[in-house]
Amino acid sequence: MSQTHQAAIQSVKGMPDILPAEAEFWELFEDTVRSWLKAYGYRPIRMPIVEPTPLFKRAIGEVTDIVEKEMYSFIDSLNGEPLTLRPEGTAGCVRAVIQHSLIAQQPQRLYYMGPMFRHERPQKGRYRQFHQVGVEALGCAGPDIDAEMILMGARLWADLGLEGIELQLNSLGQPDERARHRAELIAYFEAHAELLDEDGKRRLHTNPLRILDSKNPALQELCAAAPKLIDYLGEASLAHFEGVQRVLKDAGLPYTINPRLVRGLDYYNLTVFEWVTDRLGAQGTVCAGGRYDGLVGQLGGKPAPACGFAMGVERLIALIKDAGGEPAAPAPDVYLVHQGEAATRLAFRTAEGLRDQGIDVLLHCGGGSFKSQMKKADGSGAAFAVIIGDDEAATGEAQLKPLRDEGAGQRKLKVDDLAAAIVDQLIDANQADDEE
Ligand code: ATP
Ligand code: MG
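Residues numbered from 1 in each chain as written. Chains lettered and ligands numbered in written order. Predicted model: local features only at pLDDT ≥ 70, side-chain atom pairs only at ≥ 80, totals over all residues. Heavy atoms only, no water.

Draft legend 1. Examining the packing of aromatic side chains more closely. Summed over all chains, the structure comprises four aromatic pairs. With a centroid separation of 5.6 Å and 80 degrees between ring planes, the pair formed by Trp157 and Trp275 is classed as edge-to-face. Taken together, the residues span a long stretch of sequence, with Trp157 in helix H5 (residues 144-159) and Trp275 in strand E9 (residues 269-276) at a distance of 118 residues. Each member of the pair Trp157 and Trp275 is classed as buried. (Phe/Tyr/Trp six-rings, centres within 6.5 Å; stacked < 30°, edge-to-face > 60°. Helix = DSSP H or I, 4+ residues; strand = E, 2+ residues; numbered from the N terminus. Buried < 20%, exposed > 50% of the residue type's maximum accessible area, 1.4 Å probe, protein only.)

Draft legend 2. Representation of the pairing of E9 in the model. Most of E9 sits inside the fold, with seven of its eight residues counted as buried. Relative to E9, strand E7 (residues 166-171) is paired through six bridges, and the arrangement is antiparallel. Within E9, the position partnered with Glu166 by the bridge is Val276. The sheet contact formed by E9 and strand E10 (residues 285-291) spans six bridges and is antiparallel. Among the inter-strand pairings, Val272 is bridged to a residue of E10, identified as Gly290. (Pairing = 2+ DSSP bridges.)

Draft legend 3. Summary view of helix H13 (residues 370-380). If you check which residues of H13 are buried, you get Gln373, Met374 and Ala377. All buried residues of H13 project into a common sector of 100 degrees when viewed along the axis, lining one side. Within H13, the exposed residues directed more than 90 degrees away from the buried face are Lys371, Lys375 and Gly379. The secondary structure elements touched by the buried residues of H13 are strand E12 (334-338), strand E14 (384-388) and strand E15 (397-402). Among the residues trailing H13, Gly381 stands out with phi positive, at a value near 80 degrees. (Arc of directions from axis to C-beta. Contact = heavy atoms within 4.5 Å.)

Draft legend 4. Structural view of the environment of Lys13. Note that Lys13 resides in the segment before helix H1 (20-39). When its relative accessible area of 56% is taken as the criterion, Lys13 is described as exposed. With sequence-adjacent residues up to four places away left out, Lys13 is seen in contact with Pro122 and Arg128.

Draft legend 5. Quick look at the site of ligand 1. Neighbouring ligand 1 are 16 residues; Arg118, Glu120, Arg126, Arg263 and Thr285 lie closest to it. Within the side chain of Gln132, a nitrogen or oxygen atom sits 3.0 Å from an oxygen atom of ligand 1. One of the side-chain nitrogen or oxygen atoms of Arg315 is found 3.5 Å away from an oxygen atom of ligand 1. The set of elements that each furnish at least two residues to the shell around ligand 1 consists of strand E6 (129-138), E10 and strand E11 (306-312). Among the elements that take part in the shell around ligand 1, E10 stands out by supplying four residues, more than any other. Tallied by class, the residues present in the shell around ligand 1 amount to six nonpolar, four polar and six charged. (Near = heavy atom within 4 Å. Polar contact = N/O pair within 3.5 Å; in protein donor to acceptor, adjacent residues only side chain to side chain. Nonpolar A, V, L, I, M, F, W, Y, C, P; charged D, E, K, R; others polar.)

Draft legend 6. A look at unusual backbone geometry. In this structure, the amide linkage connecting Gly142 to the following residue, Pro143, adopts the cis form with an omega of 5 degrees. Its location among the elements puts Pro143 in the loop between E6 and H5. Even without a glycine there, the phi angle at Leu270 is positive, about 45 degrees. Following the sequence through the fold, Leu270 ends up in strand E9. Classification of Leu270 as buried rests on a relative accessible area of 5%.

Function-wise, these values are silent; they only describe arrangement.
Encoded structure:
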């Protein structure tokens, strides 16, 4: 039979693999994130990655970057249903909460982590498959919950050992306030239409607020002098905004009010915030969120207030690495070396027995000489090699060889006594570490 050599298939552009050394880093990050969320009473929810396309059109808004040009949408070829790979998690989370009547009895504090999909131009910190941790509080009117969500962010940056992430804050008011501002804003930009770029002209009558969010340097001056939404807020909106700020001041958390912070999604009202760093180049926003009181009603639920935020995992991991955070690669406790048929059978029994006692074992697979297996044992970072050859197999014994403790010698033990000896020595080693 002849075999032709085929070209290897590559991953989709902008959708990188996360290889083991990197994925181990991610797992440590996720551990920190989970215990942080637990400390604030948040519970996990897992939504599907694919949702009906109309969900995103209705939740995010037709005239947003995401819905206009970033969604991976397709028609289910079996039943003709329009579907989309989720570009963010809030819409699906709110859909699930409505579908399962989760907030009928009491407010819900929920979180999720996972991949999101947006058809953007890939670059550092911007991918087509990327990951978010999303945190949502549904049924809470705030401003206490808004403020707590912001304090949460500050605590996570500390937990992750991150510095230099700054808080920007704004209030978008309520829809009627936004409508009055919008009319003034359109008039202002129309009067300066010759200065707008193509995106700006297109957005002028669809979503003029988004012009303020433009990254085009040529528009910065024009936007800086534009009518400010905050000047259109009524008493209740201002009181809410002040309520949030009071908690932040009490906690001694510094922030900047950024009148141009409008967020890319349509569903926000009142509080909006972003956590921004200058250490990642252009892609500096690591976390963004705010209040979205209209969304539950807009998606067909009984209207309920809500607030949430989402973090970009890739950007946070890049920051942790930039700060020199390098998690220790997890090594097994034992690397199990074996040769010969009887030895291999005993090795399997020994490995399972050790694991029963909570000891992590990497069982050598693929044969090879003792010498080459011992090389792998050294390279694995394991604390011990357990070695079983024909002699040991005949007597139900094994050699226990410490790999990291120079002074300790190799000794022969009954396999049933291995676990106790390993645990004793691991405890001794830990105590010695603590005394250093
Ligand atoms: P940007 O202005 O950078 O496009 P956005 O407003 O579209 O961000 P959100 O929808 O608020 O982003 O998503 C929350 C967070 O998710 C962002 O602050 C960012 O950290 C991360 N994020 C968004 N899009 C991407 C992407 N394509 N690749 C990597 N991370 C992303
Ligand atoms: Mg975007």
